[in-house]
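Observations on chain architecture
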Amino acid sequence: TIDKDAAPGPRDFRLVCSNDFTVPLTFHVGRFPEITEAEPNDATRNAMALDALPVCVNGRVTEQDTDTFRFNAVKGQTLVAQVQGRALVPFLADAVPGWVQPLLKLFDGQGREIMSADDFRFDPDPILVFTAPSTGAYALQLSDAINRGRDDFVYRLTLGELPLVTGFFPMGGKKGDSLNITREGVNLPPQKTRIFSGGKTPESCLQALVGDALYFPSLSFDLDTLPEKFEAEPNDSSSAAQMLTFPVIVNGTLDKPNDVDVYRFE
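In this report, the structure presented in the accompanying data block is examined. All residue numbers refer to position in the chain's written sequence, counted from 1. With pLDDT at 70 or above as the cut-off, local features in this predicted model cover only qualifying residues; side-chain atom pairs require 80 or more to be listed or tallied, and sums for whole chains, interfaces and linings still use all residues. The basis for the side-chain values is all heavy atoms of the structure; hydrogens and waters are excluded.

Some thoughts on the pattern of salt bridges
The following threshold applies: Here a salt bridge means any side-chain nitrogen of Lys or Arg lying within 4 Å of a carboxyl oxygen belonging to Asp or Glu. By definition, any uninterrupted DSSP run of H or I lasting at least four residues is a helix, any uninterrupted run of E lasting at least two residues is a strand, and each is numbered from the N terminus. Think of it in three bands: residues with accessible area under 20% of the maximum for their type are buried, residues over 50% are exposed, and the middle band is partly exposed, with areas taken using a 1.4 Å probe on protein chains only.
Under the definition given, this model contains eight salt bridges. The closest approach of N and O atoms between Arg156 and Glu34, which form a salt bridge, is 2.8 Å. Placement of the pair is Arg156 in strand β12 (residues 154-160) and Glu34 in strand β3 (residues 34-36), with a sequence separation of 122 residues. Glu34 gets classed as partly exposed once you look at its relative accessible area, which sits at 36%. Salt bridges here are not isolated pairs; linked through shared partners, they connect Asp94, Arg150 and Asp152.

Side note on the sheet that holds strand β4 (residues 48-49)
As a reminder, the rule being used: For two strands to be treated as a pair, DSSP must find at least two bridges joining them.
With mixed pairing, five strands are arranged side by side in an open sheet as β4-β6-β11-β8-β9. Edge strands, defined here as strands with exactly one partner in the open sheet, are β4 and β9 (113-117).

Describing the side chain of Thr68
Heads up, the rule is: Pairing of N or O atoms within 3.5 Å defines a polar contact, subject to two protein rules: one partner must be a possible hydrogen donor and the other a possible acceptor, and residues neighboring in sequence count only if both atoms are side-chain atoms. Contacts are assigned to residue pairs that have any heavy atoms within 4.5 Å of one another.
Position of Thr68 among the secondary structure elements: in strand β6 (residues 67-73). A distance of 3.2 Å separates a polar atom in the side chain of Thr68 from a polar atom in the side chain of Gln141. When sequence neighbours within four positions are dropped, the list of residues in contact with Thr68 reads Asn41, Asp42, Ala43, Thr44, Ala47, Met48, Ala139, Leu140 and Gln141.

Focus on the nonpolar core
Stated precisely, the cut-off is as follows: Working definition of a nonpolar core: buried Ala, Val, Leu, Ile, Met, Phe, Trp, Tyr and Cys residues. They are joined through side-chain atoms within 4.5 Å.
Judged by nonpolar contacts, the single largest core of 29 residues is most densely connected at Phe71, Leu104, Leu140 and Leu157. Elements that contribute at least two residues to this core include exactly β5 (55-60), β6, β7 (78-84), β8 (102-107), β10 (127-131), β11 (136-144) and β12. Setting aside chain neighbours within four positions, we find Phe71 in contact with Leu50, Leu53, Leu79, Leu106, Phe130, Gly136, Ala137, Tyr138, Ala139, Leu140 and Leu159. Judged by nonpolar contacts, the second largest core, of 22 residues, contains Phe168, Cys205, Leu206 and Leu219.

Re the sheet that holds β12
Going by this rule: Angular values range over 0 to 180 degrees, each being the angle between N-to-C directions of two axes fitted as lines to C-alpha atoms, with helices fitted over their stretch in contact.
Spatially, β3-β5-β12-β7-β10 is the arrangement adopted by the five strands of the open sheet, whose pairing is mixed. Each end of this open sheet is capped by a strand with a single partner; those strands are β3 and β10. Averaged over all pairs of adjacent strands, the angle between strand axes in this sheet comes to 20°, irrespective of strand direction. As judged from the three bridges shared by β3 and β5, these two strands associate in the parallel manner. Across the sheet, residue Ile35 finds its bridge partner in β5, namely Val57.

Okay, structure coming up:
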């Protein structure tokens, strides 16, 4: 039984045997209503109905399997579908490659494919973001990208009009400073997030930034003890180089094609 006040997030799950522990698996405590995928749902015509969003679907891609889910969206609504597959079971020794490779496909009410995703940036677990072009029914289909299937190809699919954090700036700060962080993503309020880093760890700062939002799992936040400085444009050439004094950490962005940031120091 999950405690009603349990903090959302992953837990190590083990069995205690008479003389050993089993290898830990990851058990996730979620934020949203949870359901279990029900077969048959291999095609859009017999898709499993998701009556209310947001929702987290627990399923598995068995042999020759495709899981399809039907839901309604309103024109202009931005929905996020995030799959956890490799995040749940990082490696399977007898599979090639050694993990499930989830593939998401989105279809409109007429069965036409709108978009697909089989990863997100360099993470093999896909995130699909779409803005509904019209009000009506849609179908989301999940399978293995190379058409494999096994009982241990498990996944958690979260779908809804949910905030998604894909990045922030700056991505770190000096311990003890109050920081104004601009979050990047979708369905996020426009204002900056202010956090005080005193007494916090990088992990607790990251949690303060993402809150209840979904987020790109490889995000991290850096805390250090060195002075911090922001890149200042124009600094694209040696003649316009930004002067730095040691020691320093510079927070910057390469925010346009062919952007170069040049720094001068003694």
